Amino acid sequence: MKIFQPSWVHHDEKSIFSIDIHPSGERFATGGQGCDSGRVVIWNMAPVLNEQAEANKSVPRILCQMDNHLACVNCVRWSGNGLMLASGGDDKLVMIWKKTISGSGGIGAFGGGGKSVEHWRCISTLRGHAGDVLDLAWSPQDRWIASCSVDNTIIIWDAQQFPKIIHVLKGHTGLVKGVTWDPVGKFIASQSDDRSLKVWKTTDWSCFKTITEPFEECGGTTHILRLSWSPDGQYLVSAHAMNGGGPTAQIIERDGWKCDKDFVGHRKAVTCVRFHNSILKRSAPKTNKLQQYCCLAVGARDRSLSIWLTALQRPLVVIHDLFKDSILDISWSCDGYTLLACSGDGHIACLQFTAQELGTPLSEEDKNILYQRMYGKNANIDLTAQAEKEMIVENSDFLNVLKSNPVPPTLIPQQQQPQQAAKKDESKAPSHGVAQMPMVIQSSSLTTPTPILKQIETKTADGKRRITPMFIPLNDDNGIATNATNNIPTTIEFGSKSSETMTPVETKQLASEEPTITLTSAEPTSKLDNRLKRIATVPPQKADPLASAEQSTGSGSLPPASNQKLVERTRPPTYSTGKATVIQGNSFKAFGEVRIQVQNNSVKTAYGTLSRVVGLVVNAQRVEKKIWETVVGSPVVCFAVAAKCAIVCSQDHTIRMVDIKTGTPIFPVLSLTSPAVQSVFSSNSKLAAVVTESGILRIWNVVEKSVHFSTSCAEVMSGSFVTILHVSDQGMPFIVLSNGSSYSYCTKLDSWMLINSSDPVIRHGLIGNKANAPVRNIKAYPLSTIQSYGNFSGPKTNSFTEMHSASWQTSAAIAFIENQIKICEMITSPAELKYWYSMLGFQLALNGSEEKIRQVLDDLLGASHSLDTRMGDDNDPAVLGISKHVFMEAVLNHLKMQTKWQRIYTEYLDQLKFLKERDGRDRPLME
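For every chain, the first residue of the written sequence is number 1, and numbering continues from 1 onward in sequence order. With the structure being a predicted model, the display of local features is reserved for residues of pLDDT at least 70 and the display and counting of side-chain atom pairs for 80 or more, all residues being used for whole-chain, interface and lining totals. Side-chain descriptors were evaluated using all non-hydrogen atoms of the structure, hydrogens and water having been removed beforehand.

The protein chain carries the name Protein HIRA in an unreviewed UniProt entry, which gives Anopheles minimus as its organism. UniProt positions are given in the numbering used here, feature names are shortened, and annotations may be inferred rather than shown by experiment. The UniProt entry for the protein chain carries the following comment under Subcellular location (unreviewed entry): "Nucleus". The UniProt entry for the protein chain carries the following text under Function (unreviewed entry): "Required for replication-independent chromatin assembly and for the periodic repression of histone gene transcription during the cell cycle."

Now the structure itself:
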């Protein structure tokens, strides 16, 4: 334990009557006498706790000073969320202060003239008392605030609608000098000079219990009587009481309101008591059993301070003569290890403890379980629901909220989703194996489907026609070869992906802006339906690059044939083993009018067997013409084709990069430690990538003829192997493993980023946020596309629906969404970044806490409006070229759907308007 007294914290040598630490721990407030008025000062906590910060002149000590009270300030109290500060004084007033971006309301140094570091403005002045206000207390969840006065009353104010009075509690016959709330929300307690302590019910504000016995010998000798309720709600501890002629702090048990225990030892009257904010736990010294207990600080007129644990019969520590006058107020920090006390001599003291001395706080989950056991409700008191029923709509944006249900955001904008309407029409048609993916030829039944001689035509919002072809079965004499057991369809792959073998993970289609068609054939002309032959031989037209994202919407409909730039023909795929497999028979892939054909082991020589690689071009008359031919000395295991070059990987570990129009090498023959199992080009054809059997991943810049990136997948493979490889135009690699996990490598962090796995948080997040149909647009939505390839199912037991699942699911959902946001930033996916910020707003609006909502909004509003700017926070106003204010608007749009957040919505919307007006921006804020 450390004790120190910062001499620079003072009110010009006048008395300090009250002190309170902000919930964040960054600042604290003092209230007392000023030079010619009441004074409230907000101080920076850093110089108190840190000697370096104290010595650093650039670190401010005073954040704001308010001299608005006309007489001495007797009490200052922060709201539970830390947004408001209440002060009450001898001028009979209660003032509510709130931080603003700029404006008046405080000065930065005594005597005026100094510039405030923070601006705190009095947003409401509460008038109702006929005498001095001595004590204040915020209710749980800041629903109400109570004030007590020398006029013998306690006033309950509506903190949602200042200055509305909920009720005036009358019953005391003497000065009321202390007030405190039951943490469970059922009671409020007050202590008076009439030698009584009263407990009032919050349901009807009637007096439930009056306790007098411990106070019969007491006299009105203290300025204040600050009592306190334990955080578990089981104990109410009074100030000034007497036992056998000696001063005590009386312990009143909730069970039966018994008064048979007290804290003794102080030589003069106890003025204030304050419980630690958390329930604590530690192992008992002798038995090593887990103990749960509360901690209490007691201050008295004898200038001493004592710290008690309910698990001990004696005080943990007693500090005598801490000040030169009575101790008047005490405050614990939220982390529980810092205690501030103030005195009538005008000074404060700081005590710092360790976890070994006090114990560690219970987690929110453990606290909820404890509350559930004791009171049948969790720690989040249901005052909010009651308040929401009574809440008056203050903002016109919320008038229709009760008439509408919250709608989760969609990844694909509505104007890009006309095909979904087509899918609904398709569902009404006879079930004849409708093609859900472009050219994926498979059957859902063992019977041969009959032809469907129709197609669905829809019109987009911009008037364009969109045709959705229906499945037309092959007209083969032998019918369609179905395989209901193995269910191995021909698949559409990433860009120019060239793996010849596929796993069940790959049986879904992955569409890029350059779709790939795979046609199944044993020989070039064996039993292909005439229509498929024509499709394979027609030279595809050049695609409009702007149309690609619009057409690949993830709905599973067939893009127009004019956009099919790359064509592949291989043998039927088999399940991958992670080993390089020689391509059997003839195999070709085409890009535009150029085709690359591979014929393994087609040339026998005295030196060994050679494999042919041939370049073909299809002219306007659909006639193939050979334009070049080369041979390689080892069978080809995989190859890929791009706009200007092709990559050919052989069984002997070699890799060749050739020009697709001339066949001349672009690189010399390269050799890796093992043969490649996957090869792929980026969609802009500037980057080529391979991954080998041993997990080596290499990416080359074809234009610059240099290596772009090199790493190993071995550290994440863990006995599995790579089944899907993709490289973005920015050079970001994505891999999907045979166990369903997927990763992307971040060069900034020099580490693999986890995209999907069996992790419960990821499974819960993906199941809870997935769209109706998997998104398959690797260029526009890379993260969602890669994550759609996981083969992980939902919960198989009731583990997700246990008694306390609500808090778990909310925490898990927010953690998942925030991780998605960070991944989107790293992989440069702006469309998905906007979606996940919107999803974060949706989740916070439904289940978030006010603290978390404000944390998110403060970050998006900009660090320049926070005390943390001195700490070097990220001040970048944009992410991926998008202003943070755009994301803030998305979050606010969802908060607008919940009446309980109307004040936060209005507050931050006003700040956003102010900033945009200041910056000269003139564009719509909210839709």
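Don't stop here, the text continues.
**Observations regarding the pattern of salt bridges**
By definition, a salt bridge exists where a carboxyl oxygen of Asp or Glu is found within 4 Å of a side-chain nitrogen of Lys or Arg. Under the counting rule described, the total for this entry stands at 27 salt bridges. A salt bridge links R226 to D329, with the shortest nitrogen-to-oxygen separation between them at 3.6 Å. Of this pair, R226 sits in the loop between β17 (207–211) and β18 (228–229) while D329 sits in strand β28 (residues 327–332), and the two are 103 residues apart along the sequence. Exposure is judged per residue with a 1.4 Å probe applied to protein chains only, and the accessible area is read against the type maximum: over 50% gives exposed, under 20% gives buried, and values in between give partly exposed. A relative accessible area of 2% places R226 in the buried class. Salt-bridge contacts for D366 lead to K281; the nearest nitrogen and oxygen are separated by 4.0 Å. You can see D366 sitting in helix α4 (residues 364–375) and its partner K281 sitting in strand β23 (residues 280–283), a full 85 residues away along the chain. We classify D366 as partly exposed; its relative accessible area is 31%. Salt bridges sharing common partners tie together E26, R27, K99 and E118. The way it works is that DSSP assigns letters per residue, a run of H or I at least four long becomes a helix, a run of E at least two long becomes a strand, and they are numbered from the N terminus.

**Regarding the pairing of strand β20 (residues 246–253)**
Look at any regular strand and the pattern is simple: side chains alternate between the two faces of the sheet. Of all 8 residues making up β20, 7 are buried, and the element is well covered by its neighbours. Across 7 bridges, the pairing between strand β19 (residues 235–243) and β20 is antiparallel. Opposite A241, over in β20, you have T248 as the bridge partner. The turn joining β19 and β20, which pair antiparallel and follow one another in sequence, is formed by 2 residues; a positive phi near 65° is taken by G244. Only strands that DSSP links by at least two bridges are regarded as paired with each other. Where β20 and strand β21 (residues 261–264) come together, 4 bridges link them in antiparallel fashion.

**Considerations on the sheet that holds strand β24 (residues 290–293)**
Here we have 3 strands laid out as an open sheet, ordered β24-β23-β31, and antiparallel in their pairing. In the strand order of this sheet, the two ends are held by β24 and β31 (360–361), each with one partner.

**A short note on the UniProt feature "repeat: WD" (unreviewed entry) in the protein chain**
The UniProt record marks residues 66–98, 126–158 and 169–210 with the feature "repeat: WD" (unreviewed entry), using the residue numbering of this structure. For residues 126–158, the end-to-end C-alpha separation is 10 Å, with 0% helix and 61% strand making up the annotated structure.

**Notes on the environment of S37**
Considering the arrangement of structural elements, one finds S37 in the loop between β3 (27–33) and β4 (38–44). Residue S37 is classed as buried on the basis of its relative accessible area of 10%. As a C-alpha pair, S37 and H69 span 32 residues in sequence and 6.1 Å in three-dimensional space. Once residues within four sequence positions are removed from consideration, S37 is found in contact with D67, H69, L70 and A71. When checking whether two residues touch, look at their non-hydrogen atoms; a contact exists if any pair is within 4.5 Å.

**Considerations on the side chain of N756**
Mapped onto the elements of the fold, N756 is located in strand β51 (residues 751–756). N or O atoms closer than or at 3.5 Å make up a polar contact, with two conditions inside protein: a donor-capable atom paired with an acceptor-capable one, and, for residues adjacent in sequence, both atoms drawn from side chains. Within the structure, N756 has its side chain in polar contact with the backbone oxygen of Q787 (distance 3.1 Å). Ignoring anything within four residues of it in the chain, the contact list for N756 reads G740, S741, S742, I762, L766, Q787, G790 and F792.

**Thoughts on the sheet that holds strand β25 (residues 295–300)**
The 4 strands lie next to each other as β22-β25-β26-β27, forming an open sheet whose pairing is antiparallel. The open sheet has two edge strands with one neighbour each: β22 (270–275) and β27 (317–319). The sheet shows a mean angle of 15° between the axes of neighbouring strands, direction not considered. Here strand β26 (residues 305–309) runs beside β27; their pairing, made up of 3 bridges, is antiparallel. By the bridge assignment, L305 is partnered in β27 with I319. Axis definition: a line fit to C-alpha positions, over the contact stretch in the case of helices; interaxial angles, taken between N-to-C directions, run 0 to 180 degrees.

**Describing the packing of helix α14 (residues 850–861) against helix α16 (residues 902–918)**
Contact geometry for α14 and α16: axes closest at 12 Å, N-to-C directions at 5°. One element, α14, and the other, α16, form an angle in the roughly parallel class. Side by side, α14 and α16 meet where E850, I853, R854, L857, D858 and L861 of the first sit next to I904, E907, Y908, Q911, L912 and L915 of the second. Looking at side-chain class alone, the contact of α14 with α16 contains 7 nonpolar, 1 polar and 4 charged residues. For classification purposes, angles smaller than 35 degrees are called roughly parallel, those larger than 145 roughly antiparallel, those between 65 and 115 roughly perpendicular, and all remaining angles oblique. In this classification, the charged set is Asp, Glu, Lys and Arg, the nonpolar set is Ala, Val, Leu, Ile, Met, Phe, Trp, Tyr, Cys and Pro, and all remaining amino acids, among them Gly, are polar.

**Side note on unusual backbone geometry**
At the junction of F162 and P163, the peptide bond is cis and its omega measures out at 0° in the coordinates. In this structure, K705 takes a positive phi of about 55° despite not being glycine. Inspection of the secondary structure puts K705 in the loop between β46 (696–701) and β47 (706–712). Even without being glycine, T828 reaches a positive phi, approximately 60°. With respect to the helices and strands, the residue T828 is situated in the loop between α12 (805–827) and α13 (830–847).

**Considering the nonpolar core**
By convention a nonpolar core is built from buried Ala, Val, Leu, Ile, Met, Phe, Trp, Tyr and Cys residues, the set being connected through side-chain atoms within 4.5 Å. Counting 52 residues, the largest nonpolar core has W836, L840, L857, M888, L892 and L895 as its most contacted members. Per-element accounting of this core gives the leading share, 9 residues, to α13. Taken domain by domain, this core gets at least three of its residues from each of domain 2 (577–754) and domain 3 (759–793 + 806–865 + 875–926). Of all hydrophobic cores here, the second largest spans 39 residues; its members include A640, A688, F709 and Y745. For the purposes of this description, domain bounds are those given by an automatic or database domain assignment.

**Quick notes on the environment of A46**
The topology assignment puts A46 in helix α1 (residues 46–49). The class of A46 is partly exposed, set by a relative accessible area of 24%. Apart from residues no more than four positions distant in its own chain, A46 is found in contact with E26 and A53.

**What to know about α13**
The span you would expect from a helix comes to 1.5 Å times its residue count less one. The end-to-end C-alpha distance of α13, which contains 18 residues, comes to 26 Å, matching closely the 26 Å that a straight helix rising 1.5 Å per residue would cover. For α13, a buried count of 13 out of 18 residues is recorded, marking the element as mostly surrounded by other parts of the structure.

**Section: α16**
Relative to the 24 Å expected for 17 residues at 1.5 Å per residue, α16 spans 24 Å between its end C-alpha atoms, a close match to the ideal helical length. Every buried residue belonging to α16 is among Q902, I904, Y905, E907, Y908, L909, Q911, L912, L915 and K916, and all of these are buried. Taken together, the buried residues of α16 touch β8 (93–100), α14 and α15 (884–895).

**Some words on the packing of aromatic side chains**
Aromatic rings from Phe, Tyr and Trp, with only the six-membered ring used for Trp, were paired whenever their centres fell within 6.5 Å, and each pair was classed as stacked if the ring planes differed by under 30 degrees, edge-to-face if by over 60, and tilted otherwise. Within the structure shown, the criterion is met by 19 aromatic pairs. Ring geometry for F187 versus W257: centroids 5.5 Å apart, planes at 85°, classification edge-to-face. Within this pair, whereas F187 is found in strand β15 (residues 187–192), its partner W257 is found in the loop between β20 and β21, the two being separated by 70 residues in sequence. What makes W257 buried here is its relative accessible area of 12%. With 4.9 Å between their ring centres and 70° between their planes, Y835 and W836 make a pair best called edge-to-face. Residue Y835 is classed as buried on the basis of its relative accessible area, which comes to 9%. By the ring-pair criterion, three or more aromatic residues cluster together here, those being F187, F208, W229 and W257. For the cation-ring pair, K589 lies above F639, with the distance from its terminal atom to the ring centre recorded as 4.6 Å. By definition, being over a ring means that NZ of Lys or CZ of Arg is both within 6 Å of the ring centre and within 35 degrees of the ring normal. Its guanidinium or amino end placed over the ring of F588, R595 lies 4.9 Å from that ring's centre, counting from NZ or CZ.

**A few points about the packing of α13 against α15**
For the pair α13 and α15, interaxial distance at closest approach is 8 Å and the crossing angle is 30°. The handedness of the crossing between α13 and α15 comes out as right-handed. Contacts from L833, K834, Y837, S838, G841, F842 and A845 of α13 reach α15 at V886, F887, A890, V891, H894 and L895. In terms of residue class, the contact of α13 with α15 is built from 9 nonpolar, 3 polar and 1 charged. Helix crossings fall into two classes, left-handed where the near helix is turned counterclockwise from the far one by less than a right angle and right-handed where it is turned clockwise.

**Looking at the pairing of strand β11 (residues 144–149)**
With 6 of its 6 residues buried, β11 lies for the most part within the structure. By the alternation rule, side chains of β11 split into W144, A146 and C148 and I145, S147 and S149, which are all buried. Taken together, the 5 bridges between strand β10 (residues 133–138) and β11 define a ladder with antiparallel strand orientation. Among the inter-strand pairings, D135 is bridged to a residue of β11, identified as C148. In the sheet, β11 pairs with strand β12 (residues 153–158) via 5 bridges, with the strands oriented antiparallel. The residue bridging A146 from the neighbouring strand is I156, located in β12. What sits between β11 and β12 in their antiparallel hairpin is a turn of 3 residues, with N152 showing a positive phi close to 75°.

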